[in-house]
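# Residue-level structure breakdown
Here is what each chain is made of, one letter per residue.
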Amino acid sequence: MAIEYDFKQVEKKWQDYWYNNKTYECTEDKTKPKFYGLIEFPYPSGTGLHLGHIKAFTSMEIIARKKRLEGYNVLFPIGYDAFGLPTENYAMKVKMHPRIVTDENIKKFKEQLQSVGYSFCWDRTVDTTDPDFYKWTQWIFIQLFEKGLAYKSHSNVNYCPSCKVVLANEESQDGLCDRCGSEVIQKEKDVWFLKIRDYANKLLDGLNEVNFPERIKTEQQNWIGKSTGAEITFKAICGSEVYYIPVYTTRPDTIFGATFLVVSPEHPILEKFADKISNAQEILDYRELAKNKKEFDRINLNKNKTGVEVKGLTAINPATDSSIPIFTADYVMLGYGTGAIMAVPAHDQRDWDFAKKFNLPIIEVIEGGDIEKQAYSAKTGKMINSSLLNGLTVSQAVEKIISYLSEKKLGFAKTDFKMKDWAFNRQRYWGEPIPIINCPHCGQVPVKLSELPLKLPDIINITPSKNGESPLAKCKKWVKTKCPICGANATRETDTMPQWAGSSWYFLRYMSPSDTEYAVNPDAYDYWGQVDWYNGGMEHVTRHLIYSRFWNHFLYDIGVVKFKEPYLRRTAQGLILGADGEKMSKSRGNTVNTLDVINEYGADVLRAFILFIGDYEKPAPWQADGIKGCLRFLNRVWNLTDIISDDVDTSDLNLDALIKKVDEDYENVKFNTAIAALMTALNTIYTRGRITNKELETFLILLYPVAPHITSEIYLNCYNKMIDQASFPKYDEAKLLSNVVEIPVQESGKLRGKVIVAVDSDESTVLKAIKDAGLLSDRDIIKTIYVKNRIINLITKPKTT
RNA sequence: GGGAGCGUGGCGGAAUUGGCAGACGCGCUGGACUUAGAAUCCAGUAUUGAAAGAUGUAUGAGUUCAAGUCUCUUCGCUCCCACCA
C-alpha cells in the first residue's frame, strides 16, 4: 500500500519548484509555434481570490498546460487591473495611500494564485497602476486625442452622488450605479468622451472575423444597435422666423402620416425660442420634472405618456406642406437620433398613445391594421393617403421618399447607433491622470511624450470634494504648469481615466512588459500577434470586450498593431452560485472561501471540482458535498501505483477513444465530461484491478492539465522524468472503434434487447444474430431500419395465418 | 415591448446532434472491514410492479421506423437590451 497522499506537502513542493525554476516563463522562441492564452486579469480587491476567479482562470490554465505538451510556445500571462474605486474607498476608510493598499493586495493575490498552482508567466506580470504601464495608457490617450477621437464636451452625464463619479452608460444600467447601487442622477458636467461611435461599423464588421459564441456577438450587436433610416428636416416657424429641426426616423415611408413633431425636453429649440414661446414657463417646469424622473420610471411609465405642446411654434411637414403642432415629451431622448421625432401615430405605438391622450389626428398611410385600436407598425401592406407613394410597398416607399427628399435637400438616408460615445473621465484620485494641459492661449494641449508618464501626485487627502471636483484639483502644485507650446502659465486636467482604460490594451503589454520605447514592441508583436484564446465573464461583453476591441482597431489604424481584431477566440464561463442557487454575496451568507477549500482538499481537487461541477459556460451552484467526489477520484489516482502490471488484458479500455474524448472536450470547454471520462476509465481500471505502464502514463498526462501537482509527483516517482517534458498523447483513428459493437434491437421503436456483432456488419448478419439470440417475436417483420453500428429497428405486425 | 437561452431522478448534471434517456459525481440504502466512528471497499438506487412488463425528459399536439433533441401550443425560469424613433 502506498503512503497516503499528502497534498499539502506535494502541492507546495511543486509550486515552489515551478516558480523557482521559471518552468512556465517564455521567450519569443521562433523555433516553436506560439499560443497566446489570456484570462481577464483580476482586480486585486482586499477580499482576495474568489471561486469566480478560480473558474475563470482554471479553464485557460488547462489549455495552456495542454498546449505546452503539444509543443507550443505558450504565453499565459497574469496582471492586475488595479486602479479603481474599491481600493480608493478602502484606502480612505483606513487612511492609507491607495498605492500601499494596492501593493498589499497584489502581494496577497500573487500568493493565492500560486497556491492554486497556475502556470502563469510571472516575469511578465503587469500592473495598470505602475507608472511604467500607465505611461503607455496615457500615450494611447494622446494618440486618440490627436486623431480627434478624444474630446471634451459639456454634457448631461450619469452621476453617482454616493461614489461622486461620472459613470458611463454601461456602468449605470437601470439607473443604478454599477459599483454601489445608489440611484444615478443626471448632472451637467465637462466630460471627456472617446468617439467609439466612429468605430461602430468596424466593431460590427469585425465580429465576422472572430470565433466568439453567438450570444456574445448578438449582445455586442444589440449594444451597438445599428439602425438604418433617414434624417429629415422639418421647418419650424415662429412668427416670421424659420428654424430647421432635423428628425431621425427608421420609417420615412410613413411621412404622410406625420401629424405632429416631438422634441426632447432638453432640445435646443426650446432654449432658442424661449422668449417667443407663449407657455415657456410650463415647458421649463416640464423639463425639470423630466430631469428628476429616474431612468427607471421613464421605462416603467411608458404607457402613460406625458408632454406639453410648444405654443407659438409650428412645424411644416415637408411631404404634405401642411402645418403640424410641436410637442415636447420625455419619451423622446436628446441622446438618440437628433433628439426630435416626426410622430406617426397610425404606425408607431408610442406616438399612437400620445396622440390619443392629446387628441391629435391619426392618419393611416399603410393598409392592413386597425388604427382605431392600436398602431400598425408592420412593414407589410400598401401605401395609401400618401400622394406619390400610393400603391407602393413599404420598401419601395422608403426608397422613393428618400430620393424625393434628397432631391429637395430635405432629407437623406442615415444609419444611427444606440451606442453612445464613451464617457472617459472620473473625478477620483486612483486612476491614470488625463495627460492634457489647459492653456489660456492654445486650448487643450497634450503633455509632451517625453514627459510621460504623467505621474499621480503623492497627496494625502484623496477625498473627492462636495462639488464633484477631482481630488487632484486640490493639489495646486501639480495642477500649475506651463503650456508645452507657448510656455504660458497653464493648468493640468485634473480628472482621471475610468477603470476601463488600462484593461483596454493590457493584453498587448504582456508581449513586451518592460519595453521602454514602445507600448508594445514591434518584434514581440510580430511573434505573438493576436490573442489566440481569451476567456472571461459575460458581464464584460458590452464593456471591456467592446472597449478593448475599439482600442485595438484604433491602434491598427495608426499602425501600432497589425491585426484589427485583438482576440481570435472568446469563451465565457458561467457564474459560480451559492449552494442555494443564488448569486454568491456576503449579505446572503452563501459565500465559500477559496482558501478554506484549498486547505481542506488541496488545489488539484479544487481545480477538478470547479470544472466538474457542470457545463463550463452555464451557471452552476457550488455544492460543498460534491467536492468529495473529486477528492476520492484523485486519491484513487494516487493509489494506481499499487496496481501497475504490464501483464494484463487491456481490451476493456479503449485508450485511443479516451485520448480523443479528453482532447476534444478540453478544446471545446467541456471540462466536466472530460473529467467524467477519466473517472469512467479509472473505474474500468479498478474493476479490472491492474493498470499497464502505458495506460498509467497516458492517464497521468491526460489528467495533468487539471491536476498538475499530483500527476507531476506520480509521474516523477514512476518514471523518474518531469511530466512537463512529456508530449500530449495522440490517438490512432483506426483504433477508435473496437472490432465488435453492441447493437440495440428495437421492435416498432421499443427496446427488445441487444446483440453484439462485428463492426460494420451488414443487415443480414445483424438479423441472424438477433434470431440466434432469440430476440425475434412471433410477429411478421414488415420493415427493417438498420443504421450501421448504431441501432436496428424491426417494424412488425401480427402474424398472418 | 425586442433579442438570446433554458426546463431531464432526491441534488449537480450527461446523452456521439434524430438512434439504448439518466454517463460521471453527490446523496441515500444494504453489506464488508472496525470495540466504535472516520476513511476505504463491494452491491443497489428514475417511477411503478413480486415479476415479465408498463410508464417516463415542464405542458398539449404534430413530423418520423425512431423525438430530451425537429415544428407548433401553453406554462415557468434566466440573461441581455429597452419610450432607440
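Reading the values: rules and limits
Residues numbered from 1 in each chain as written. Chains lettered and ligands numbered in written order. Predicted model: local features only at pLDDT ≥ 70, side-chain atom pairs only at ≥ 80, totals over all residues. Heavy atoms only, no water. 1 Å grid on protein atoms, 1.4 Å probe; cavity = no way out; pocket = protein on both sides within 12 Å on 5 of 7 lines; lining within 4 Å. Points joined across faces, edges and corners; volume = space filled by probe spheres on them. Helix = DSSP H or I, 4+ residues; strand = E, 2+ residues; numbered from the N terminus. Nonpolar A, V, L, I, M, F, W, Y, C, P; charged D, E, K, R; others polar. Salt bridge = Lys/Arg side-chain N within 4 Å of Asp/Glu carboxyl O. Pairing = 2+ DSSP bridges. Axes fitted to C-alpha atoms, helices over the stretch in contact; angles between N-to-C directions. Contact = heavy atoms within 4.5 Å. Parallel < 35°, antiparallel > 145°, perpendicular 65-115°, else oblique. Left-handed = near helix turned anticlockwise from the far one by under 90°. Expected span 1.5 Å × (residues − 1). Buried < 20%, exposed > 50% of the residue type's maximum accessible area, 1.4 Å probe, protein only. Polar contact = N/O pair within 3.5 Å; in protein donor to acceptor, adjacent residues only side chain to side chain.

## Structural notes on empty space enclosed by the protein
Using the criterion set out here, one finds 2 cavities of 30 Å³ or more in the structure. The space that makes up the second largest cavity amounts to roughly 120 Å³. Along its surface, the second largest cavity is lined by 13 residues, and Q15, W18, Y19, Y118 and W122 are the ones closest to its centre. Considering each element in turn, the lining of the second largest cavity owes the most residues, 3 residues, to helix α1 (residues 7–20). Counted by class, the lining of the second largest cavity contains 6 nonpolar, 5 polar and 2 charged residues.

## A few points about unusual backbone geometry
The omega torsion across L452 and P453 is 0°, close enough to zero to call that bond cis. With respect to the helices, strands and loops of the structure, P453 is situated in the loop between β17 (443–446) and α13 (476–479). Look at N359: it is not a glycine, yet its phi comes out positive at around 60°. Tracing the backbone shows N359 in the loop between α11 (349–358) and α12 (394–407).

## Describing the pattern of salt bridges
This model, assessed by the stated rule, comprises 38 salt bridges. E493 serves as the salt-bridge partner of K152, at 3.0 Å between the closest nitrogen and oxygen. Pair noted here: K152 is in strand β5 (residues 150–160) and E493 is in the loop between β19 (489–492) and α14 (500–503), with a separation of 341 residues, a long-range link. A salt bridge links D253 to R251; its shortest N-O distance comes to 3.0 Å. Bridged by salt links that share partners, the residues K66, K67, E70, D663 and E667 form one connected network.

## So, the sheet that holds strand β25 (residues 750–758)
Taken together, the 4 strands give an open sheet; going across it, the order is β25-β24-β27-β26, and neighbouring strands pair in mixed fashion. Where the open sheet ends on each side, the last strands, each with one partner, are β25 and β26 (780–787). Across the sheet, the axes of successive neighbouring strands diverge by a mean angle of 20°, strand direction being ignored. Where strand β24 (residues 740–747) lies against β25, 8 bridges are found, and the strand directions are antiparallel. Residue pairing in the sheet places E747 in a bridge with K750 of β25.

## Observations concerning the sheet that holds strand β16 (residues 436–439)
Strand order in this open sheet of 4 strands is β17-β16-β19-β18, and the pairing throughout is antiparallel. Single-partner strands in this sheet number two, and they are β17 and β18 (480–482). This sheet shows a mean twist of 40° between the axes of neighbouring strands, independent of strand direction. Summarising the sheet, β16 and β17 pair through 4 bridges and their orientation is antiparallel. Bridging from a neighbouring strand, I437 pairs with V445 of β17. Sheet strands touched by helix α5 (residues 131–146): β16 and β17. Its angle to β17, the strand with the most contacts, is close to 135°.

## As for the packing of helix α23 (residues 693–703) against helix α24 (residues 708–719)
Running from amino to carboxyl end, α23 crosses α24 at an angle of 155°, the nearest separation of the two axes being 9 Å. Considering their axes alone, α23 and α24 lie roughly antiparallel with respect to each other. Handedness of the crossing formed by α23 with α24: left-handed. Mapping the contact onto sequence places N693, L696, E697, L700, I701 and L703 in α23 and T711, I714, Y715, C718 and Y719 in α24. A class-by-class count of the residues in the contact of α23 with α24 yields 8 nonpolar, 2 polar and 1 charged.

## Some words on α5
Within an α-helix, residues lying three or four positions from one another point in the same direction, as the helix has 3.6 residues per turn. An ideal rise of 1.5 Å per residue puts 22 Å on 16 residues; α5 measures up with 22 Å between its terminal C-alpha atoms. Summarising burial for α5: 13 of the 16 residues are buried, a large majority. With a side-chain oxygen lying 2.9 Å from the backbone nitrogen of D132, the N-terminal cap of α5 falls on D130. Just downstream of α5 lies G148, where phi reads positive at about 75°.

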